[in-house]
Amino acid sequence: MKVVVLGQGGREQALAQAILRSPKASRVVVIPGNPGMKLLGIECIEVNAVDDIVNFCRTENIDLVIPGNETVILSPIKEKLKVYGIKCFSPDPQIARLESSKVFCKQILQEAGILTADYQLILNQEEGLQAIEKHNFSSPLVLKADGLAQGKGVWVCKDLASALKSFEHLIKSFGFPVLFEHCLVGRELSAFAICQNESYSFLGTAVDYKRIDENPFSANTGGMGAYSPCHFIEEKDQKEIENIFSKILKLTAQKNLNYQGFLFAGLMKTEKGIAVIEFNVRMGDPETQALLPRLKSDILELLMNPGQNRCDLSVETSVHVVMTSQGYPTADMNLNHKISINNQPDMIFFSGVKLGSEGLINSGGRVLGITALAKDIERAREKAYSEIKNIHFAGSYFRKDIGL
Ligand code: AMP
Ligand code: GLY
């Protein structure tokens, strides 16, 4: 099979490498990919416009296209590929609203009877101000933009002053509607499935580290590291998680919004049980770089027949540590420095890199990541951190507590 993965970060690299391990794969291309992936021997083709990608897939007789990120999933690519009989493994844009509209997601969650934070839909300034005044702040108030906001549309406000300030900022940046949510208390995890209509293969769990440093109120990022599997869920929690996937897929099928693609549940283990914070219609970044190296099943078999096969995962634990540019997650970043890698780690994933005159340079916030696999989390951590010490560029930064 000839497969194209669409995207340019570590998640897409991990997907491409998992597919390359399949005996069924005859060619795997990442579009556009990045120069770091190329150095690892992965074929990357630099085309960006939807029509050019479709043309490439036609002329190269590609059998399967896998979009990595939500922007591509929401584009008309699937529809355009369908005209030429090329399979695109992603949800239709209509049901991809599970990720792109938090209001739609909440309505579906409620209808499916899935535990989630109580919320209020705010349609104008007056409603918002009234709701903030009414909240007593014995627990924080969570303010959210409705649409895609790349992690920048959520504020967890501990007091009245911060809620008022965040509300003003939120409506200025994103407009209405806005969601106010009760704050869930517990530990967060991510769970993934490969889905087709009502069937799914449960892919596994991971824990993402979203904040820039150890302080839980520090800046939100795309993800600073992850480990897999999540070690604080029990058998009962696992059943609840699988039940969440069953319920959501059953409901969407009933509504003729048949889901096909990866489904990512952002979860919180609370006192009342496993609650859904959000759904994403793709794999997570960096969770994929932690999870897929553990996958022993043939990913192409899972993608061709979702729900027909169980995913076989290594019992080993993985730890993935992300290295970022100085200044991230602000826009004011220290970029374009040469990346030196003294000892090539077993598993390195490239994201924000470009080719400079002397080799790879950092060109984005999240630059690269290292995954280590070992018998237990302590050993995986130790290996990941000993490997990342061999990588340097001016201003490089990474969290020191992934997997602790
Ligand atoms: P989201 O974009 O909805 O995933 O939210 C981003 C982050 O904000 C989540 O990963 C949580 O850490 C936090 N968050 C969102 N909603 C809630 C909530 N209702 N209660 C507590 N934390 C939340
Ligand atoms: N790591 C979180 C995400 O991919 O949205």
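Whatever comes next refers back to the structure up there.
## Quick notes on the layout of surface pockets
Working step 1: Taken as a whole, the second largest pocket encloses approximately 290 Å³ of empty space.
Working step 2: The wall of the second largest pocket is formed by L115, T116, A117, D118, H182, C183, L184, V185, T270, E271, K272 and A275.
Working step 3: Among the residues forming the lining of the second largest pocket, the class breakdown is six nonpolar, three polar and three charged.

## Description of the side chain of E181
Working step 1: Take E181: it is sitting in strand 9 (residues 178-182).
Working step 2: According to the relative accessible area criterion, E181 is buried, its value standing at 5%.
Working step 3: A distance of 3.2 Å separates a polar atom in the side chain of E181 from a polar atom in the side chain of K144.
Working step 4: Not counting the four nearest positions on each side in its chain, E181 is found in contact with K106, A117, D118, Y119, L141, V142 and K144.

## Focus on helix 9 (residues 160-174)
Working step 1: Across its 15 residues, helix 9 extends 21 Å between first and last C-alpha, which sits within 8% of the 21 Å expected from 1.5 Å per residue.
Working step 2: Three or more residues of helix 9 are buried, namely A163, S166, F167, L170 and I171. With its buried residues spanning 130 degrees around the axis, helix 9 presents them on a single face. More than 90 degrees from the buried face of helix 9, the exposed residues found are A161, K165 and K172.
Working step 3: Elements in contact with the buried residues of helix 9: strand 6 (119-122), helix 8 (125-134), strand 7 (141-145), strand 8 (154-157) and strand 9.
Working step 4: Directly beyond the C-terminal end of helix 9, a positive phi value near 75 degrees is found at G175.

## Examining the sheet that holds strand 7
Working step 1: Here four strands make up an open sheet; going across it, the order is 6-9-7-8 and the pairing antiparallel. What marks the edges here is a single partner per strand, and that holds for strand 6 and strand 8. Strand-to-strand, the axes of this sheet are offset by a mean angle of 20 degrees, without reference to chain direction.
Working step 2: By the bridge criterion, four bridges tie strand 6 to strand 9 in an arrangement that is antiparallel.

## A few points about the site of ligand 2
Working step 1: Close contacts around ligand 2 come from D208, G222, F264, N280, R282, G284, D285, P286 and E287, and that covers them all.
Working step 2: Contact between ligand 2 and R282: an oxygen atom at 2.8 Å from a side-chain N or O atom of the residue.
Working step 3: Between D285 and ligand 2, the recorded distance is 2.9 Å, taken from a backbone N or O atom to a nitrogen atom.
Working step 4: Taking 200 Å² as the accessible area of ligand 2 by itself, protein coverage stands at 86%.
Working step 5: When the residues that make up the shell around ligand 2 are grouped by side-chain class, the tally is two nonpolar, three polar and four charged.

## Notes on the environment of L263
Working step 1: Note that L263 resides in strand 13 (residues 260-270).
Working step 2: Sequence-wise, L263 and L249 are 14 residues apart; in three dimensions their C-alpha atoms are separated by 9.8 Å.

## A word on the pairing of strand 20 (residues 366-374)
Working step 1: The element strand 20 is extensively covered by neighbouring structure, given that seven of its nine residues are classed as buried.
Working step 2: Relative to strand 20, strand 15 (residues 317-324) is paired through eight bridges, and the arrangement is antiparallel. From the neighbouring strand, S318 faces strand 20, where its bridge partner is L373.
Working step 3: Sheet topology places strand 17 (residues 348-350) next to strand 20; three bridges connect them, and they run antiparallel.

## Re the packing of aromatic side chains
Working step 1: All told, the structure shown has eight aromatic pairs when counted by the stated rule.
Working step 2: Aromatic side chains F89 and F262 sit 5.7 Å apart centroid to centroid with 85 degrees between the ring planes, which places their arrangement in the edge-to-face category. Pair noted here: F89 is in the loop between strand 5 (87-88) and helix 6 (97-100) and F262 is in strand 13, with a separation of 173 residues, a long-range link. In terms of burial, F89 and F262 fall into one category: buried.
Working step 3: Here the aromatic rings of F167 and F180 are separated by 5.6 Å at their centres, their planes lie at 80 degrees, and the arrangement is edge-to-face.

## What to know about a nonpolar patch on the surface
Working step 1: Together, V154, V156 and F217 make up a nonpolar patch on the protein surface, roughly 230 Å² of accessible area in all.
Working step 2: Position of F217 among the secondary structure elements: in the loop between strand 11 (199-208) and strand 12 (225-228).
Working step 3: Residue F217 is classed as partly exposed on the basis of its relative accessible area, which comes to 46%.

## Some remarks on the environment of K24
Working step 1: With respect to the helices, strands and loops of the structure, K24 is situated in the loop between helix 1 (10-20) and strand 2 (27-32).
Working step 2: Given the relative accessible area of 37%, K24 is considered partly exposed.
Working step 3: With 277 residues separating them along the chain, K24 and E301 place their C-alpha atoms 8.4 Å apart.
Working step 4: With residues up to four places along the chain from it excluded, the contact list for K24 reads M1, D298, L300 and E301.

## Let's talk about the pattern of salt bridges
Working step 1: Applying the stated criterion across every chain, the model contains 24 salt bridges.
Working step 2: Taking the shortest distance from any N to any O, the salt bridge between E181 and K106 comes out at 3.7 Å. Here K106 lies in helix 7 (residues 102-112) and E181 lies in strand 9, a separation of 75 residues in the sequence. Across the pair, exposure class does not vary: E181 and K106 are buried alike.
Working step 3: In this structure, the salt-bridge partner of K255 is E111, at a minimum N-O distance of 3.0 Å. In this pair, K255 sits in the loop between helix 10 (235-254) and strand 13 while E111 sits in helix 7, placing the two residues 144 residues apart along the sequence.
Working step 4: When salt bridges that share partners are traced, they join E234, K236, D237, E240 and K269 into one network.

What counts as what
- Residues numbered from 1 in each chain as written.
- Chains lettered and ligands numbered in written order.
- Predicted model: local features only at pLDDT ≥ 70, side-chain atom pairs only at ≥ 80, totals over all residues.
- Heavy atoms only, no water.
- 1 Å grid on protein atoms, 1.4 Å probe; cavity = no way out; pocket = protein on both sides within 12 Å on 5 of 7 lines; lining within 4 Å.
- Points joined across faces, edges and corners; volume = space filled by probe spheres on them.
- Nonpolar A, V, L, I, M, F, W, Y, C, P; charged D, E, K, R; others polar.
- Helix = DSSP H or I, 4+ residues; strand = E, 2+ residues; numbered from the N terminus.
- Buried < 20%, exposed > 50% of the residue type's maximum accessible area, 1.4 Å probe, protein only.
- Polar contact = N/O pair within 3.5 Å; in protein donor to acceptor, adjacent residues only side chain to side chain.
- Contact = heavy atoms within 4.5 Å.
- Expected span 1.5 Å × (residues − 1).
- Arc of directions from axis to C-beta.
- Pairing = 2+ DSSP bridges.
- Axes fitted to C-alpha atoms, helices over the stretch in contact; angles between N-to-C directions.
- Near = heavy atom within 4 Å.
- Areas by Shrake-Rupley, 256 points an atom, 1.4 Å probe, with all protein chains shown as cover.
- Phe/Tyr/Trp six-rings, centres within 6.5 Å; stacked < 30°, edge-to-face > 60°.
- Patch = residues over 30% accessible without salt bridge, like charges linked within 9 Å, V, L, I, M, F, W, Y side chains within 5 Å.
- Salt bridge = Lys/Arg side-chain N within 4 Å of Asp/Glu carboxyl O.

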